[in-house]
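As a plain string of letters, each chain reads:
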Amino acid sequence: IDVVNNGVVYAVTLSGDATGIDADSNIGDITIGNGGRIIVDAGNGTAIGIDASTSKYGDVTIGNTGLIDANGDFGAQGIHASTKYGNIDISNNVQLDSYGEAIAGTGVISAAVDESGQATGIWAYVSDDSANGDLTVSNGEGASIIATTPNGDATGIWAYNDGNGDTVIGNNGLVVAIAGGDYGD
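What you are looking at is a predicted structure, and each value in this text was computed from that prediction instead of being measured. (Residues numbered from 1 in each chain as written. Predicted model: local features only at pLDDT ≥ 70, side-chain atom pairs only at ≥ 80, totals over all residues. Heavy atoms only, no water.)

(A) Summary view of the overall build of the chain. Along the backbone of the chain there are 0 helices and 17 strands. Computed over its C-alpha atoms, the radius of gyration of the chain comes to 16 Å, within 12% of the 16 Å expected for a compact globule of 185 residues. The principal-axis extents of the C-alpha atoms in the chain amount to approximately 45 × 45 × 25 Å. Counting all 185 residues of the chain, 45% fall into the buried class. Long-range contacts, defined as pairs at least 24 residues apart, comprise 81% of the intrachain contacts of the chain with a sequence gap of at least 6. Of the roughly 8,400 Å² of accessible surface on the chain, a fraction of 46% belongs to carbon and sulfur atoms. (Helix = DSSP H or I, 4+ residues; strand = E, 2+ residues; numbered from the N terminus. Rg over C-alpha atoms; globule rule 2.2 N^0.38 Å. Buried < 20%, exposed > 50% of the residue type's maximum accessible area, 1.4 Å probe, protein only. Contact = heavy atoms within 4.5 Å. Areas by Shrake-Rupley, 256 points an atom, 1.4 Å probe, with all protein chains shown as cover.)

Written as structure tokens, this is what we have:
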């Protein structure tokens, strides 16, 4: 499965879960590139900007140089990636103008919860304990990953490899996770 977005994806629900791009495969690879805008708003539910999962052998590769904004009342994830045996490679980078300067609003992944629940900028998981797949997450210079919730857990990058492969997280940008306050405050 190959998905490229250089435009605008807008997913909204008044009551329930919403996902901007959802790609699922049994044994094939998934490659998703976002250079545009993915805006997800889930009223009374969970918002996911990009959800890419292989149930067995496929690799998951996701590159963001645009904006992913996932906003849910009871949960939010900017990127959710999983595989049983394959590799996961996620990158977040800014776009540069003709002068080599970062273009504002690019290389941004935001997961925000409005009411109560878990907010995660990037969630990545290799699930089988016999897997040899590697898991790599990189946040480039000038890029941002932001997770906020008023009541619950906030995580900028969550990466777990249950198998034998390597797990590498690199950050040259900004990762912010803010959780706080009591519900209703």
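(B) Quick peek at the sheet that holds strand E17 (residues 174–179). A sheet is described by the order of its strands in space; here 6 strands give the open sequence E2-E5-E8-E11-E14-E17, paired in parallel fashion. Each edge of the sheet is formed by a strand with only one pairing partner; in this case those strands are strand E2 (8–13) and E17. On average, each strand axis in the sheet is inclined to that of its neighbour by 0°, with strand direction left out of account. Here E2 pairs with strand E5 (residues 37–42) via 6 bridges, running parallel. What sits directly across from Val9, in E5, is Ile38. (Pairing = 2+ DSSP bridges. Axes fitted to C-alpha atoms, helices over the stretch in contact; angles between N-to-C directions.)

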